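Breakdown of the fold
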Amino acid sequence: MRLATWNVNSLKARLDRVLAWAADKQPDIFCMQETKLADELVPLLAFRELGYEVAHHGLGTWNGVGIASRVGLDEISAGLPSEDGWADDGGRFVSATCAGIRVVSIYVPNGRVVGSEFYIAKLEWLARLNAWLRQAADPTVPMAVCGDFNVAPEDIDVWDPTAVHGATHVSPPERNAVARMREWGLVDVVRRFHPESGFYTWWDYRAGNFHKNIGMRIDHVYLTEPLADRAVAVERDRDARKPSTYPGIPSDHAPLIVDFADAESSRATPPAAA
DNA sequence: ATGCCATACGTTGTATGA
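Residues numbered from 1 in each chain as written. Chains lettered and ligands numbered in written order. Predicted model: local features only at pLDDT ≥ 70, side-chain atom pairs only at ≥ 80, totals over all residues. Heavy atoms only, no water.

Attention now goes to the overall build of chain A. Assigned secondary structure in chain A consists of six helices and 14 strands. Here the C-alpha radius of gyration of chain A, 18 Å, is about what a compact globule of 274 residues would show, namely 19 Å. A principal-axis box enclosing the C-alpha atoms of chain A has dimensions of 60 × 45 × 40 Å. Counting only residues that meet the buried cut, chain A has 56% of its 274 residues in that class. Taking the contacts inside chain A whose residues are at least 6 apart along the sequence as the reference set, 71% of them involve residues at least 24 apart. Surface summary for chain A: the accessible area is close to 11,700 Å², and the carbon and sulfur share equals 53%. (Helix = DSSP H or I, 4+ residues; strand = E, 2+ residues; numbered from the N terminus. Rg over C-alpha atoms; globule rule 2.2 N^0.38 Å. Buried < 20%, exposed > 50% of the residue type's maximum accessible area, 1.4 Å probe, protein only. Contact = heavy atoms within 4.5 Å. Areas by Shrake-Rupley, 256 points an atom, 1.4 Å probe, with all protein chains shown as cover.)

For asparagine 63, which is not a glycine, the phi torsion comes out positive at approximately 60°. Take asparagine 63: its relative accessible area is 12%, and that puts it in the buried class. The phi dihedral of arginine 112 is positive, around 60°, even though this residue is not glycine.

Further remarks concern the packing of aromatic side chains. In this structure the tally under the stated criterion is six aromatic pairs. Taking 5.1 Å as the distance between ring centres and 55° as the angle between the ring planes, the aromatic pair formed by tryptophan 6 and tryptophan 21 counts as tilted. Residue tryptophan 6 is found in strand β1 (residues 2-7), and its partner tryptophan 21 is found in helix α1 (residues 11-25); the two are separated by 15 residues along the sequence. Exposure remark for tryptophan 6: the relative accessible area of 0% places this residue in the buried category. Relative to tyrosine 52, the ring of phenylalanine 47 has its centre 6.5 Å away and its plane inclined at 75°; by these criteria the two rings are edge-to-face. What links up through ring pairs into an aromatic cluster is the set Trp6, Trp21 and Phe30. Against the face of phenylalanine 118 rests arginine 112, its NZ or CZ located 3.4 Å from the ring centre. The aromatic ring of phenylalanine 199 is capped on one face by arginine 236, whose charged end is 4.4 Å from the ring centroid. (Phe/Tyr/Trp six-rings, centres within 6.5 Å; stacked < 30°, edge-to-face > 60°. Lys NZ or Arg CZ within 6 Å of the ring centre and 35° of its normal.)

Let us now look at helix α4 (residues 172-184). Each full turn of the α-helix corresponds to 3.6 residues, which orients residues three or four apart in the same direction. In a regular helix each residue adds 1.5 Å, so 13 residues correspond to 18 Å; α4 covers 18 Å between its end C-alpha atoms and thus fits that length. Inspection of α4 places Glu174, Arg175, Ala177, Val178, Ala179, Met181 and Trp184 among the buried residues, and these make up the whole buried set. Of the residues flanking the end of α4, it is glycine 185, one or two places downstream, whose phi is positive at about 140°. (Expected span 1.5 Å × (residues − 1).)

The immediate surroundings of DNA strand B are formed by 29 residues, with Asn110, His165, His169, Asn209 and Ile214 found nearest. Within the side chain of threonine 61, an N or O atom sits 2.5 Å from a phosphate oxygen of DNA strand B. One of the side-chain nitrogen or oxygen atoms of asparagine 110 is found 2.8 Å away from a base nitrogen of DNA strand B. If you tally residues by element for the surface near DNA strand B, the top one is α1, at three residues. Partitioning the surface near DNA strand B into residue classes produces 11 nonpolar, 11 polar and seven charged. (Near = heavy atom within 4 Å. Polar contact = N/O pair within 3.5 Å; in protein donor to acceptor, adjacent residues only side chain to side chain. Nonpolar A, V, L, I, M, F, W, Y, C, P; charged D, E, K, R; others polar.)

Overall, mixed pairing links the six strands, which are arranged β3-β4-β2-β1-β14-β13 in an open sheet. The open sheet terminates on both sides in strands that have one partner only, identified here as β3 (53-57) and β13 (231-236). Adjacent strand axes in the sheet meet at a mean angle of 15°, parallel and antiparallel pairs treated alike. In the sheet, strand β2 (residues 29-33) pairs with strand β4 (residues 65-69) via five bridges, with the strands oriented antiparallel. Its bridge partner being in β4, methionine 32 is matched across the sheet by glycine 66. (Pairing = 2+ DSSP bridges. Axes fitted to C-alpha atoms, helices over the stretch in contact; angles between N-to-C directions.)

It is worth spelling out the side chain of serine 69 at this point. Note that serine 69 resides in strand β4. A distance of 2.6 Å separates a polar atom in the side chain of serine 69 from the backbone oxygen of glycine 72. Beyond its immediate chain neighbours, meaning those up to four positions away, serine 69 contacts Asp28, Ile29, Gly51, Tyr52, Glu53 and Cys98.

This is how it looks when you write it as structure tokens:
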């Protein structure tokens, strides 16, 4: 079972590349962010040709998140709910159950500049996500929260912690919010498999930053323990960030891929050979 | 390293991103 997540930076502009990549990498569950599409403009037929159903939440122009699955797509929920009835209607949260896994695709607000109204809104959104975890989710149930968190959890996740524009993505309140997600019971599975520094998922388009590895690790796959225990490999597909590998211009983000052992294969006693 | 790029919207520019 293969799970992937990718900030595609416009599914409209990136469609050929995304489809070619999916056909090549064959994710069973494929979370996308920044589709920049309204729900009715999602190219469902193109995904269906590859065997995927798609759940999507987006208003168009900005944001937009989706989950493509070829292992079932049930209990679709769009928008981040909260106790007071507030829900994200900006296209930043969609969830569905796929092959017994609760899958969540998120696009956390950017925040722009520390202290700005956008930064406050980012912290509020992350607080609501934490509240949703504690109210509506269960750390003993297989769940994957995937997407563009717009937070680099540690200094090793950014090329220069002092140089980040406006100091967002690295500020203590943002990092604390993501730490609270881990404290609740989510595992940073990419870190578990790749403790090295400089394992980035985003590089600015400008100034050759990709080739100089001037970037940040801001896209994440956070798993509850029962699912993290099944993970056998984690790949960050740096090739997908290169112009030459797939059709069209690359996104400024690289995809993450997590491979899992089948639920049955973790049994203590393997099935008898046929 | 305050944008040299890329996107959307819409029209030769502005807003946004991280």
